[in-house]
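These are the residues of each chain, in order.
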Amino acid sequence: MAIFIDSSDPKEIQELYGWGVLSGVTTNPLIIAREAPDADLGERIREVLKVSWGDVSVELTTETEKEQLEEALAYHTWDRERICIKVPMSEHGLRVVHALTKKGIKTNVTCMMAMNQAYLAALAGATYVSIFSGRVKDLGYDVRPVISSTRTILEREGLPAKIIVGSMRSMFDVNEALEAGAHIPTITPPLLRKMVHHPRTESTIAEFNNAWRNRGSKK
Ligand SMILES: O=C(CO)[C@@H](O)[C@H](O)[C@H](O)[C@H](O)COP(=O)(O)O
């Protein structure tokens, strides 16, 4: 079990890695475009690498097989151990995953909504298969069977791919993904912070601290 952070913000990542609960980072072009529209991708990812440990997923922005392979090989030079190439699911995407796997390069196949897609990605050699909880639910479907059937098939077939669940919008989504069999929820900084807090925890701590501060005052 592990938790990844779904962000490209080096400051947030550094701070949240300090909690000792994170072991990887996932980014995508939308996240980077929102968080740092003017940033140079390479510089941003190098900053992220400096303040984190574990795999850092960087998504391909090109669209043809040839371009994607070139782009992947360029990203791989940024850190040959830790950069994981995020490949959007498609027919040629599977070929890209297969080619990168043969070179020993880690891949994360992304934008998946269904078990059949995740199964193909795992067969092609993906290190991670990413299922999009929120977007499956937006379509009106239950994501739990997608996650649990993917976990069952990966285990039954002895495929080493780990299931990442992203596109999570609430704590309920995180809990549901974990219970359904996700290996790794990838969580945005605001949602990760929400997971720490509970109003009853905070009122209990305040009650204990008040009792300690006021001890003996009623004698
Ligand atoms: O695919 C992965 C993890 O591998 C995630 O980084 C994924 O791209 C993000 O959770 C996206 O933000 C999902 O899209 P959205 O529904 O949150 O807009």
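Scroll up for the structure.
All of these numbers come straight from a predicted model, not from anything done at the bench.

1. So, the overall build of the protein chain
The helix and strand tally for the protein chain stands at eleven helices and eight strands. In terms of principal-axis extent, the alpha carbons of the protein chain reach across some 80 × 40 × 30 Å. Contacts spanning at least 24 positions in sequence make up 57% of the contacts within the protein chain whose residues lie at least 6 apart. As displayed, the protein chain offers around 11,700 Å² of accessible surface, 55% of which is attributable to carbon and sulfur atoms. Computing the positive centroid from 27 side-chain charges and the negative centroid from 28, the protein chain places the two 7 Å apart.

2. Concerning the site of the ligand
The environment of the ligand is formed by 14 residues, the closest being D6, N28, S130, R135 and S167. K86 is positioned such that a nitrogen or oxygen atom in its side chain is 2.8 Å from an oxygen atom of the ligand. Taking 440 Å² as the accessible area of the ligand by itself, protein coverage stands at 90%. Contributions of two or more residues to the shell around the ligand are made by strand 5 (107-112), strand 6 (128-132) and strand 7 (162-166). Counted by class, the shell around the ligand contains two nonpolar, eight polar and four charged residues.

3. Concerning the packing of aromatic side chains
This model, assessed by the stated rule, comprises three aromatic pairs. Seen from their ring centres, F4 and Y128 are 5.7 Å apart, and the 75 degrees between their planes marks the pair as edge-to-face. Placement of F4 in strand 1 (residues 3-6) and of Y128 in strand 6 is noted, with a sequence separation of 124 residues between them. F4 sits in the buried class, given a relative accessible area of 4%. When its relative accessible area of 9% is taken as the criterion, Y128 is described as buried. Positioned over the ring face of W212 is R215, at 4.0 Å from the centre of the ring.

4. Concerning a nonpolar patch on the surface
A cluster of nonpolar side chains, W19, V21 and V196, forms an exposed patch at the surface whose accessible area comes to about 260 Å². Secondary-structure assignment places V196 in helix 10 (residues 189-196).

5. Looking at the pairing of strand 2 (residues 22-26)
Of all five residues in strand 2, four are buried, a share of seventy percent or more. Pairing geometry for strand 1 and strand 2, over three bridges, is parallel. In the sheet register, I3 faces strand 2, and the bridge partner there is L22. Pairing between strand 2 and strand 3 (residues 55-59): three bridges, direction parallel. Bridged to V25 within strand 3 is V56.

6. Remarks on unusual backbone geometry
In this model, C111 sits at a positive phi of 70 degrees, which is unusual for a non-glycine residue. Tracing the backbone shows C111 in strand 5.

Rules used throughout
Residues numbered from 1 in each chain as written. Predicted model: local features only at pLDDT ≥ 70, side-chain atom pairs only at ≥ 80, totals over all residues. Heavy atoms only, no water. Helix = DSSP H or I, 4+ residues; strand = E, 2+ residues; numbered from the N terminus. Contact = heavy atoms within 4.5 Å. Areas by Shrake-Rupley, 256 points an atom, 1.4 Å probe, with all protein chains shown as cover. Lys, Arg positive; Asp, Glu negative; His and termini not counted. Charge placed at Lys NZ, Arg CZ, Asp CG, Glu CD. Near = heavy atom within 4 Å. Polar contact = N/O pair within 3.5 Å; in protein donor to acceptor, adjacent residues only side chain to side chain. Nonpolar A, V, L, I, M, F, W, Y, C, P; charged D, E, K, R; others polar. Phe/Tyr/Trp six-rings, centres within 6.5 Å; stacked < 30°, edge-to-face > 60°. Buried < 20%, exposed > 50% of the residue type's maximum accessible area, 1.4 Å probe, protein only. Lys NZ or Arg CZ within 6 Å of the ring centre and 35° of its normal. Patch = residues over 30% accessible without salt bridge, like charges linked within 9 Å, V, L, I, M, F, W, Y side chains within 5 Å. Salt bridge = Lys/Arg side-chain N within 4 Å of Asp/Glu carboxyl O. Pairing = 2+ DSSP bridges.

Shape is all these values report; function is a separate question.
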